[in-house]
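# What the coordinates show
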Amino acid sequence: QVQLVESGGGLVQPGGSLRLSCAASGSIDSIYDMEWYRQAPGKQRELVAAITVDGITTYVDSVKGRFSISRDNAKHTVYLQMNSLKPEDTAVYYCNAVAISRGFPGPSTYWGQGTQVTVSP
């Protein structure tokens, strides 16, 4: 099994920055895609950013130019650097990973518990 733990959320003023981290642990064989989702109250969960094992990144249009996703494969960790934060960025941010656990024949998806990001004056 694989566990994902997010950290780095909090309260920040508009225009501020936060850096989220998501560390994977457990019986890890390999990790493929790693992604950040977010869910605001009353809204569907949306994909914010994704990164492949080779470092290819994608972003939802609303965060392009402000957010940056990266990963450290040696540490099994994915990051989300969030700059120029806006109130509409307020949401619970979830880490997601496609990974193979040791002893299992194929990949599964795993979710973190979520970390709250609040952007408010």
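What comes next is a walk through the structure. Computed from a predicted structure; not experimentally measured. Residue positions are given per chain, counting from 1 as you read along its sequence in written order. Per-residue local features of the predicted model are confined to residues with pLDDT of at least 70, and side-chain atom pairs are confined, for both listing and counting, to 80 or more; whole-chain, interface and lining totals are unaffected and use all residues. Where side-chain values are given, they derive from all heavy atoms of the structure, hydrogens and water being excluded.

## Some details on the pairing of strand E7 (residues 67–72)
Each regular strand displays side chains that alternate between the two surfaces of the sheet. Side chains of E7 alternate between two faces, with Phe-67, Ile-69 and Arg-71 buried and Ser-68, Ser-70 and Asp-72 left unburied. In this scheme, strands are said to pair when DSSP sees at least two bridges between them. A helix here means a DSSP run of H or I that spans at least four residues, while a strand means a run of E at least two residues long, and both kinds are numbered starting from the N terminus. Sheet topology places E7 next to strand E8 (residues 77–82); six bridges connect them, and they run antiparallel. Looking across to E8, one finds that Arg-71 is bridged to Val-78. Taking the residues between adjacent antiparallel strands as the criterion, E7 and E8 are bridged by four residues, where His-76 takes a positive phi near 55 degrees. The buried label applies to any residue whose accessible area, calculated with a 1.4 Å probe on protein chains only, is under 20% of its type's maximum; exposed applies above 50%, and partly exposed to all values in between.

## Description of the sheet that holds strand E1 (residues 2–7)
Pairing is antiparallel in the open sheet, where four strands are placed in the order E1-E3-E8-E7. Two strands close off the open sheet at either side, each with one partner strand: E1 and E7. Between one strand axis and the next, the sheet turns by 15 degrees as a mean value, whatever way the strands run. Bridging between strand E3 (residues 18–26) and E8 involves six bridges; their strand directions are antiparallel. When the bridges of E8 are listed, Cys-22 appears paired with Val-78. All axes here are fitted lines through C-alpha atoms, helices being fitted over the stretch that makes contact, and every angle between N-to-C directions spans 0 to 180 degrees.

## Concerning unusual backbone geometry
If you check the backbone angles, His-76 has positive phi at about 55 degrees while not being a glycine. Positionally, His-76 belongs in the loop between E7 and E8. Not every positive phi belongs to a glycine, and Ser-84 is a case in point at roughly 50 degrees. Relative to the assigned elements, Ser-84 resides in the loop between E8 and strand E9 (91–101).

## Things to note about the pattern of salt bridges
A side chain of one charge can pair with a side chain of the opposite charge when the charged atoms of the two come close. A side-chain nitrogen of Lys or Arg and a carboxyl oxygen of Asp or Glu constitute a salt bridge if their distance falls within 4 Å. The final tally for this structure, using the stated rule, is four salt bridges. Among the ionic pairs, Lys-64 bridges to Asp-61, the shortest N-O distance being 2.9 Å. Overall, the relative accessible area of 62% leaves Asp-61 in the exposed class. Residues joined in a network through salt bridges with shared partners are Arg-38, Glu-46, Arg-66 and Asp-89.

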